[in-house]
Protein chains: 2
Amino acid sequence: MKIADKHSKILQASIKVFAQKGFYNARISEIAQEANVADGTIYLYFNNKYDILITIFEEEIGKIIAKVKQELANVEDPAEKLYKFALIHLNIVEENQDLAEIIQVELRQSSKFIKEYRNKKFAEYLNIISQIVRQGQAAGVFRQDVMPGIFKRAFFGALDEMSRFWLLSSKKKYTVNLAARQISDFFLQGIARQVPGRTSALNDDSSVSPKLFSDVVTV
Amino acid sequence: MKIADKHSKILQASIKVFAQKGFYNARISEIAQEANVADGTIYLYFNNKYDILITIFEEEIGKIIAKVKQELANVEDPAEKLYKFALIHLNIVEENQDLAEIIQVELRQSSKFIKEYRNKKFAEYLNIISQIVRQGQAAGVFRQDVMPGIFKRAFFGALDEMSRFWLLSSKKKYTVNLAARQISDFFLQGIARQVPGRTSALNDDSSVSPKLFSDVVTV
DNA sequence: ACGAAATTACTGAATATGCATTCAGTAATT
DNA sequence: AATTACTGAATGCATATTCAGTAATTTCGT
C-alpha cells in the first residue's frame, strides 16, 4: 500500500468521524479503527489531532473554490451567475455533507490560528460573490446603491443557513434546484409584489425606506 | 450573598469564558476565578460543565425571542416589520456579543440533545420571519410564489452571517442600521436594477428564470 | 439580647479518569 | 541484511469532579 493511500484513508476516516462526533469528542482510536490502521500509524502521517483538522481544511477547501470558479467561468449574465453560484454551492454541500459539517461547525470554534486561516480562504470564496455584483453594477443591470461587501455576506449566509438546515434534517422538503432558484430570486427580484406601472410595492410607502443607504460609516 | 447572586455570577462568568475560549477549551477553574468563587462552588449550582452551557441557553434565548416579538408587536406593515426584525436582531447581537458567539458557535457542535433543543427554540425564532411573510402575502404586498420555509432561512442566514462578520472583526465597516437596511432591502426589492416601464431587469431575459418555482417536491 | 447548637454555604487540595501521544518491538519491503 | 512501515500497549498529563474540612448564617433556649 502506497503512502498516499494511508494518508488519504486517515483523512477520509477523520472527516467522517469529526463530522459525526465533533472534533473534541472524536477519538483518535475511532479514526484509526475507521481507517483500519493502528492508533500509532496516524502519528506517522500527522503531527497531532489538530493537524488532521487543518489538513482536511487545507486539502479540501481549495478544491471547492477552484471548482466553483471553473464552473462559473463560462457564465456571462450576472443574474444567471448568481443563480449558478447558489446552485453549485448547494450541490457541493449536498455531495460532501461530512466535509460541509466540519467546515460549518468544527472550524468555527477552533484556535485563533485556524480561525484566521479559515477566514482567509473564506474571504476568497465570498469575493467570488462580490465580483459578480460589481460586474452586474458595471453592466448596469444591478443597482448602484448595493454594497458588495454586505451583499456577499447576506447572499452566502442565506445559502449557508439553507444548507445547515439540510445537514440537520435528512429528509429534505425542497430540492437543491428549488432552493437555489428561490434564494437567488429573493436577492435579484425581492419578494415585494411588483405592481404594474410601478417599480415596486415598496416605493408606495415612503415611510418604509426614508433615506435609503444614507448612513454609511466607512467604505 | 443571596443564592441567585452566585448562580448568575457563575453564569455570566461562563458566558465570558466560553465565548473567549470555546466550550472545550474553557477550564472550570477559569470560570471559578472569573466568578470569584472556588472551583467546587460551581458544582453546588450546576451539575457539571455541560449543564452550565445548557442553562446559558435556556435562560437567555427565551429572553431574546420575547424581546423581538414584543418589539415587533406594534409594527403593522410587513415590509417594515421585516426591516425591524433585521434591526432588532443585529442590535441584540451587538449588545450581547459573548452570548451571540456561544449560540452561534458553541451550541452548534454539541451533543445531540442540546442540538435538538437549540433547534426547537431556533425554529420558534425563525417562524417569526415566516409569519411576517405569510402576513404580507395575505395582504397582497408580497409575492405569492415565495416559500416562507425557504425565505425564513435565507433571511435569517443573511443576518447571521453579517453578525458573525461583526463578531470576528472588531472594527466595523458598517453600522447596524445600514446593514439592516440593506439586507431587508435586498430581500424586499432585490438588487436587479428597476428599469422604468418594466417590472424588473430580470424579466428581460427569459433564459434566466425559465419556469420559476416549478420544481417543488413537497409542501 | 446573647451564646450555643444546628444548618447551610463555601473551599480547594486530592482523586480518578480519559485519552493523545510515544516508542520498543514486529512485520513488510527493498 | 538493511531499511522502511506499522503496531498497540504503556505513559503521562490535563482537568472535571469530589469531599473532608472550614466558615457563615440561622435557629432557639434562657
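Here, residues in each chain are numbered from 1, in the same order as that chain's written sequence. Whichever chain is written first is A, and whichever ligand is written first is 1; the rest continue in order. Per-residue local features of the predicted model are confined to residues with pLDDT of at least 70, and side-chain atom pairs are confined, for both listing and counting, to 80 or more; whole-chain, interface and lining totals are unaffected and use all residues. Heavy atoms from the whole structure form the basis of all side-chain values; hydrogens and water molecules are not counted.

### Structural notes on helix α8 (residues 148-168) of chain B
Under the 1.5 Å per step criterion, the end-to-end length of α8(B) is 30 Å for 21 residues, consistent within 8% with the ideal 30 Å. Per-residue accessibility, obtained with a 1.4 Å probe over protein chains only, is compared with the maximum for each type, and a residue is labelled buried under 20%, exposed over 50%, and partly exposed between these values. Comment: elements are numbered from the N terminus, with helices defined as DSSP H or I runs of at least four residues and strands as E runs of at least two. Of all 21 residues in α8(B), 20 are buried; the element is thus mostly enclosed. Helix span, as expected, comes to 1.5 Å for every residue beyond the first.

### Remarks on the protein's contact with DNA strand D
Near DNA strand D lie 15 residues; those nearest to it are A:Thr41, A:Tyr45, B:Arg27, B:Ile28 and B:Tyr43. Neighbouring residues are identified by heavy atoms, a residue being near a molecule or strand if any of them is within 4 Å of it. The contact atoms of DNA strand D, taken as those within 4 Å of the protein, divide so that sugar and phosphate hold 72%. Counting of polar contacts relies on pairs of N or O atoms within 3.5 Å, with two restrictions inside protein: one atom must be capable of donating a hydrogen and the other of accepting it, and residues adjacent in sequence are counted only when both atoms are side-chain atoms. The contact in question runs from a base nitrogen of DNA strand D to an N or O atom on the backbone of A:Gly40, over 3.2 Å. A distance of 2.7 Å separates a phosphate oxygen of DNA strand D from a polar side-chain atom of B:Tyr43.

### Quick look at the side chain of A:Glu106
In this structure, A:Glu106 sits in helix α6 (residues 97-106). A residue is classified by how much of its surface remains accessible, and A:Glu106, at 2% relative accessible area, is buried. A polar side-chain atom of A:Glu106 sits 3.0 Å from the main-chain amide nitrogen of A:Phe23. Once residues within four sequence positions are removed from consideration, A:Glu106 is found in contact with A:Phe18, A:Gly22, A:Phe23, A:Glu101 and B:Gln109. Contacts were defined at the residue level, with two residues in contact if any of their heavy atoms lie within 4.5 Å.

### Some points on the protein's contact with DNA strand C
Around DNA strand C, a shell composed of 15 residues is seen, among which A:Arg27, A:Tyr43, B:Ala38, B:Thr41 and B:Tyr45 lie nearest. If you look at DNA strand C and keep only atoms within 4 Å of the protein, 73% of those are sugar or phosphate atoms. At 2.6 Å, a side-chain N or O of A:Arg27 approaches a phosphate oxygen of DNA strand C. One of the backbone N or O atoms of A:Ile28 is found 3.0 Å from a phosphate oxygen in DNA strand C.

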